[in-house]
Amino acid sequence: MDSTGTIQIFLIIITVTVIVGFAGVLHFLSRISRTLAGQRPEGATGAQGEPESGAQPASVEPARSLSEIDSGSMRSLEEYLGAIGKKYSLTSFTLATADGLLIGSTRPGGEDEAARYSYLYTQGRLQDETGAELLGIPYRGETVVGIARPSEHLSAELMSALEQDTRDALRHWV
């Protein structure tokens, strides 16, 4: 094989590699676009195990106000977080420090979740592909990371109310 044939094979390999790389980049950009639009990636399932439609989910309205929760009857932060979770239809709610230490959770195995999602929050991600929504709550000069797993997407208004309720929980228990 002469040098021209070798160069042609080398150029073909480079061309194929560039095309495959470009297709991969387009795939991940489309996933990022869907995530930013509030949709789950293709193949993700909804709360009932059915694929999500392309439409935006309806906002979840609070079932009751926090004032109806008698904080004096709550025996722990986890119980208070459970009441907040019920109010916003969350499947789980976890609080962690920005460096990944668990503060409280309604989910078993919250230590691993606290570490993983605190890291994602410090990287600037506010959602992940599993539907978890992250919020940063300033508290006593530190940032507390809230890891909410809503049954449906929460509107910006409800996320703001959830943040305020979480601040109230921190003031009462931490």
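Our subject is the structure listed above.
This write-up is about the structure you can find in this document. By convention here, each chain's residues receive numbers from 1 onward along its written sequence. Thresholds applied to this predicted model are a pLDDT of at least 70 for local features of residues and 80 or more for the giving and counting of side-chain atom pairs; totals over whole chains, interfaces and linings are not thresholded and use all residues. To get the side-chain values, all heavy atoms of the structure are used, and hydrogens and water are removed first.

Note on conventions: DSSP H or I runs of at least 4 residues are helices, E runs of at least 2 residues are strands, and numbering of each starts at the N terminus. If you tally the helices and strands in the protein, you get four helices and four strands. Of the regular secondary structure in the protein, the N- to C-terminal order runs α-α-β-β-α-β-β-α. Considering the protein as a whole, with its 174 residues, one finds that 33% of them fall into the buried category. A fraction of 52% describes how many contacts in the protein between residues 6 or more apart in sequence connect residues 24 or more apart. Partly exposed describes any residue whose relative accessible area lies between the buried limit of under 20% and the exposed limit of over 50%, with all areas from a 1.4 Å probe on protein chains only and scaled to the type maximum. When checking whether two residues touch, look at their non-hydrogen atoms; a contact exists if any pair is within 4.5 Å.

Below, the discussion takes up the sheet that holds strand β2 (residues 102-105). Paired strands, as defined in this entry, are two strands with at least two bridges between them according to DSSP. Strand order in the open sheet made by the four strands is β2-β1-β4-β3, with antiparallel pairing throughout. The open sheet has two free edges, formed respectively by β2 and β3 (133-139), since each of these has just one partner strand. Between one strand and the next, the sheet's axes are offset by a mean angle of 20°, whatever the strand orientation. Of the strand pairs in this sheet, strand β1 (residues 90-97) and strand β4 (residues 142-150) are connected by seven bridges, and their pairing is antiparallel. Opposite Ala96, over in β4, you have Val145 as the bridge partner. To obtain each axis, a line is fitted to C-alpha atoms, and for helices this fit is confined to the stretch in contact; angles are then taken between N-to-C directions over 0 to 180 degrees. Here helix α2 (residues 77-87) sits on the sheet and contacts β1 and β2; the angle it forms with β2, its principal contact strand, is near 55°.

Take the pattern of salt bridges next. Any Lys or Arg side-chain nitrogen found within 4 Å of a carboxyl oxygen on Asp or Glu counts as a salt bridge. Under the definition given, this model contains five salt bridges. Between Glu113 and Arg149 there is a salt bridge; the shortest N-O distance is 2.9 Å. With Glu113 in helix α3 (residues 110-122) and Arg149 in strand β4, this residue pair connects regions lying 36 residues apart in the sequence. By relative accessible area, which is 6% here, Glu113 ends up buried. For Arg149, a relative accessible area of 12% translates into the label buried. Counted as one network, the salt bridges with shared partners bring together Arg107, Glu113 and Arg149.

Grid spacing is 1 Å over the protein atoms alone, the probe is 1.4 Å, and a cavity is where that probe fits but cannot get out, while a pocket is an open set with protein on both sides within 12 Å along at least five of seven lines and lining residues have an atom within 4 Å of a point. Grid points are joined across faces, edges and corners, and a volume is the space filled by probe spheres set on the points. Of the pockets and cavities examined, the second largest pocket occupies roughly 360 Å³. Residue lining of the second largest pocket: 13 residues in total, with Ile32, Thr35, Leu36, Arg125 and Gln127 positioned closest to the centre.

We now examine the environment of Arg31. Assignment of secondary structure puts Arg31 in helix α1 (residues 3-36). For Arg31, a relative accessible area of 27% translates into the label partly exposed. Between the C-alpha atom of Arg31 and that of Glu129, which follows or precedes it by 98 residues, the distance is 9.3 Å.

Time to look at α3. For an α-helix, the turn length of 3.6 residues means that residues three or four places apart are oriented alike. Multiply 1.5 Å by the residue count of a helix minus one, and that product is the helix's expected span. Taking 1.5 Å as the rise per residue, α3 with 13 residues should run 18 Å; its terminal C-alpha atoms sit 18 Å apart, in good agreement. Every buried residue belonging to α3 is among Gly110, Glu113, Ala114, Tyr117, Ser118 and Leu120, and all of these are buried. All buried residues of α3 project into a common sector of 160° when viewed along the axis, lining one side. Exposed residues on α3 whose side chains face more than 90 degrees from its buried face are Asp112 and Tyr119. The secondary structure elements touched by the buried residues of α3 are β1, β2, β3 and β4. One or two residues past the end of α3 sits Gly124, with phi positive at roughly 95°. The arc in question is formed by the directions pointing from the helix axis toward the C-beta atoms.

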